[in-house]
Amino acid sequence: MLPIVLIDRTDGLSPTPDRPRPDRLVAGNPLRHTWVMHEAGPMTAGVWACEPGRWRIVFPATRQEYFHVLSGRVRLHGPAGATDIGPGQGGVIPPGFEGESEVLEAVRKQFVLVDTAT
């Protein structure tokens, strides 16, 4: 039996840093950090942090994400308009979503990605 995996602290763990692809940048060039803390089959979970900026995102039809904002504020721009999400709030980016992610205030969130193509 596998143990319960806590996704609550990143102390002592090394993140993977990256930035949005240049062809997707809309504003800024934010540094992003990802701590992958669990991977099993089609699911990946962890913590993500990012500086303010804005870039285009395109989710494949097989991928979706649930996230919960711990601190900061993000705005997702999609076909139905913009949605702001702040501390204590969560959201789901549906499969096939195309839009823009805008970090308004440095953000830290927990995330769960599910990709049924894996």
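A brief look at the structure comes next. Nothing here was measured: the structure is a model prediction, and the numbers come from that model. Along each chain, residues carry numbers from 1 onward, in the same order as the chain's sequence is written. At least 70 in pLDDT is required for a residue's local features to be given in this predicted model, at least 80 for side-chain atom pairs to be given and counted, and no such filter applies to totals for whole chains, interfaces and linings, which use all residues. Excluding hydrogens and water, the side-chain figures rest on all heavy atoms present in the structure.

### Brief notes about the pattern of salt bridges
The salt bridge definition used is simple: a Lys or Arg side-chain nitrogen within 4 Å of an Asp or Glu carboxyl oxygen. The final tally for this structure, using the stated rule, is 9 salt bridges. Across the pair Glu 100 and Arg 54 runs a salt bridge, and its minimum N-O distance is 2.4 Å. Taken together, the residues span a long stretch of sequence, with Glu 100 in strand E9 (residues 98-115) and Arg 54 in strand E5 (residues 53-58) at a distance of 46 residues. According to the relative accessible area criterion, Arg 54 is partly exposed, its value standing at 22%. Here Arg 54 makes a salt bridge to Glu 102, at a shortest N to O gap of 3.6 Å. Of this pair, Arg 54 sits in strand E5 while Glu 102 sits in strand E9, placing them 48 residues apart in sequence. Classification of residues uses two cut-offs on accessible area relative to the type maximum, computed with a 1.4 Å probe and protein chains only: under 20% is buried, over 50% is exposed, and between them is partly exposed. By relative accessible area, Glu 102 is classed as buried at 16%. Through salt bridges with shared partners, a single network forms among Arg 54, Arg 75, Asp 84, Glu 100 and Glu 102. The helix count covers DSSP runs of H or I at least four residues long, the strand count covers runs of E at least two residues long, and both are numbered beginning at the N terminus.

### Comments concerning the side chain of Asp 115
Within the fold, Asp 115 resides in strand E9. Asp 115 gets classed as buried once you look at its relative accessible area, which sits at 15%. Here a polar contact means two N or O atoms within 3.5 Å. Within protein one must be a hydrogen donor candidate and the other an acceptor candidate, and residues neighboring in sequence count only if both atoms are side-chain atoms. Of note is the side chain of Asp 115, whose polar atom sits 2.9 Å from the side chain of Thr 62. At 3.0 Å, the side chain of Asp 115 forms a polar contact with the backbone nitrogen of Ala 117. Two residues qualify as a contact provided that any one of their heavy atoms is within 4.5 Å of a heavy atom in the partner residue. Look past the residues within four positions of Asp 115 in its chain and what remains in contact with it is Pro 42, Thr 62 and Arg 63.

### Let's talk about the nonpolar core
Within the largest apolar cluster, 15 residues are counted, with the highest numbers of intra-cluster contacts made by Trp 48, Phe 67 and Val 103. At the level of secondary structure, the elements contributing two or more residues to this core comprise strand E4 (43-50), E5, strand E6 (63-78) and E9. Ranked by the residues each element gives to this core, the list is headed by E6, at 4 residues. The residues touching Phe 67, leaving out its near neighbours within four places in the chain, are Val 74, Leu 76, Ile 85, Gln 89, Gly 90, Gly 91, Val 92, Ile 93, Lys 109, Gln 110 and Phe 111. By nonpolar core is meant a set of buried Ala, Val, Leu, Ile, Met, Phe, Trp, Tyr and Cys residues that side-chain atoms within 4.5 Å join together. The next biggest cluster of nonpolar side chains, apart from the first, holds 6 residues, and it includes Ile 7, Trp 35, Val 47 and Ala 49.

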